[in-house]
Each structure stands twice: as C-alpha cells, then as structure tokens.
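Structural overview
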Amino acid sequence: MANRVSFIVTVYNKAEFLPQVIEGLRRQQGDFDREFIFVDDGSTDGSPELIRRLGGDLPNLAVIEQPNGGPARAMNVGLRAAAGDWIKGLDGDDILLPNATQLLLRACRQGGRGLAYGAPVAVGALAPYDRMLEAVEGWRTDEPRIVARFDDHLPHSLQQSRMNPSCWLAARDLVTAAGGADERVFIQDYSLELRMAAQGRPFVQLANPIFLWRQETEGRVSGNKRQILHDCNLAVAYLFIDRPDLFARYGRLAALRTLGRAWHWSRRHEGCGVVSGAFLRRAKAYLRLASVADIEASCADFGEPVRRPPLNAPAAP
C-alpha cells in the first residue's frame, strides 16, 4: 500500500514559531515513510537557516527558498518537489498534534465506518494554542471520528470552506489532477479545496483536532477578513472560468453565496447602498440571472487594499 507522506510547510517570517512547528512534525506518530518540504517565501527573519538547524534530523528534509510570491505559489513549489503518495499541508505557525497524520491516513483508508472503499481527502478540526496541553491529552486516540462523508463535496465547498491549509491530507494524484492551488489567487487554501472538490471524488470530515492554531498573530493572512473574502470570490470565479461545465449545475448556489458575501461586505464596510453594483449583482443571483462575470466583478466590492500574486508567478503544476 502506498505509504509515503510529503509534508509541505509554507513559511514567511515564522522564526518565532518554527521551533514548535518542527517539534510537532518530529513527533508525528505512525508507520509511514515521510519527507519534509519547507518552502520559504522570501522571509527576512532568518527562517530558512533556523529550519536547517532545528530540523536537520528530519528525514528527507528539503528547504526551498524563493522570492516572496504568496502562499499559493509557495504551496505549488512544494507540490512540484513532493515525491510522496500523500500530501499534508501545514502553515508555518501551526503545530500538528502527534496523532494528526496517522488519523488522517486512517480516515482516508476507511472512508467512513461500514464502507468498503476509502476517500482521497480527509479534513480534520483545529484547536487554539491556549488549549495546547488539554487538546493533546484529551484527544490522543488512534481512531478517527468520522462525522461526514461527501461523495460530491463541491456544493459544500461553495457554501462554506472546510479546509484550513493545515487541517487536511490528500492523495497526491488528486492534488496533481486538480492542478494545485490557483496562483492567480493570493491565498492558497480555498482555491485548492475547490479544485480538488471539482474532481468529483469523496471527502471525509473528522471531528478530531489535527493541529493547534494561533488565532492572534500579527501579519497572519487569516486575520485579514477583506483579503480572505476577496480571495474566496476570486477563487470561485476562476473555477468556473476554467470549468464552465460546472456552472450550469452549481452556478446559482455559487452566485447566491459569493454575491451575497460581496453585498454584505460592501454595505457594512464600503458604504454602498441599493443603487450599487454589489446590490444589483446580488439581485441577479436571486433572479437566476447572475453570470461568472458577475462573480468575478464582485471581487472589487471588497475594496482595497488586497494583496495579489506577482504577475510573473510560475504556472501551477
């Protein structure tokens, strides 16, 4: 049975957190081969040197340095370097719990109790840093607590993202078939989730916490609500631009979600009213008149500033 996991850790100025992150990787339980790929996205705090010093005993360690290009680009660089059968993503300031990878692998292979076949993607939960000891001790188990299996995950992904960059494990062939993260979008996680879900293969969801998450970190992209919502809408727009066949089936659900999101933001934060483009686009969604172009146009409703990938970013794998 294919049994090698490639851990891909994206890092940008995470020297403060790397000792705990690397220790979490070192403590991963389970009988599987492993490789550790750190992609440093132009750090200026000595992160690459610290990784080499603290992680020198990790098997099959690779540290890749690149100019700053954003999380999506960094993830894809790691994917191109990965040789494992399974991909485990990790943000550079998240700590994997010791049983995390083993639980995700078992969940993929089981695919849910009573089912004879597995799933190529498993998604777990998170716990905050300030509950570190309680989370590790209270959730130490060898059995995944599978709470849901989705044979068609795309409508669930369009309704609400379930994949933090650190909470999932996926078969490498699925990630490759999906084309990796969309490098036209700055943040990587939602575009990668959508692209994998669009392949039409099962996802399983676990109740088990997989990692410890620092909620309050200065400069963390996950703290920038404007950026997150902008990139969510942009990822959906590009999904349908690339796969127009999917819009007939999922377009109304996507339009209601994305155009509603843009209208609520622009009304609350940008001072827009009922004569605005954001309101008119939302009305079109309710009338079943919205198009992919409307979803793409809604990205402007979140205002500025938002970060965008560099124009010369390499193509996805």
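Presented here is a report on the structure given in the accompanying data block. Each chain carries its own residue numbering, running from 1 in the written order of its sequence. A pLDDT threshold of at least 70 governs which residues receive local features in this predicted model, and a stricter bar of 80 or more applies before side-chain atom pairs are shown or counted, although totals over entire chains, interfaces and linings include all residues. The side-chain numbers reported here are obtained from all heavy atoms of the structure, hydrogens and water having been left aside.

1. Considering the packing of aromatic side chains
Note on ring pairs: Phe, Tyr and Trp rings are taken, using the six-membered ring of Trp, and paired if centres are within 6.5 Å. Classes follow the plane angle, with under 30 degrees stacked, over 60 edge-to-face and the rest tilted. Evaluated as defined, the whole model comprises 5 aromatic pairs. With 5.2 Å between their ring centres and 70° between their planes, W263 and F279 make a pair best called edge-to-face. Separated by 16 residues along the polypeptide, W263 in helix α10 (residues 247-269) and F279 in helix α11 (residues 277-286) bring together distant segments of the chain. With a centroid separation of 6.2 Å and an interplanar angle of 55°, the aromatic rings of W265 and F302 are classed as tilted. One end of the pair, W265, is in helix α10; the other, F302, is in the segment after α12 (292-297), and 37 residues separate them in sequence. Residue W265 is classed as buried on the basis of its relative accessible area of 10%. Taken together through their ring pairs, the aromatic side chains of F7, F32 and F36 make up a single cluster. By definition here, charges over rings are those cases where NZ of Lys or CZ of Arg is within 6 Å of the ring centre and within 35 degrees of the ring normal. One Lys or Arg, R34, reaches over the ring of F32 and ends 4.0 Å from the middle of that ring. The cationic tip of R184 hangs over the ring face of Y238; the distance from NZ or CZ to the ring centre is 4.1 Å. Numbering of helices and strands starts at the N terminus; helices are DSSP runs of H or I of at least 4 residues and strands are runs of E of at least 2. Exposure is judged per residue with a 1.4 Å probe applied to protein chains only, and the accessible area is read against the type maximum: over 50% gives exposed, under 20% gives buried, and values in between give partly exposed.

2. A look at the pairing of strand β4 (residues 86-91)
Counting buried positions along β4 yields 6 of 6 residues, so the element is predominantly enclosed. The pairing of strand β1 (residues 4-11) with β4 spans 6 bridges and is parallel. When the bridges of β4 are listed, I8 appears paired with G89. As paired elements, β4 and strand β8 (residues 168-171) share 3 bridges and run antiparallel to each other. If you follow W86 over to β8, its bridge partner there is A171. When DSSP locates at least two bridges between a pair of strands, those strands are taken to pair.

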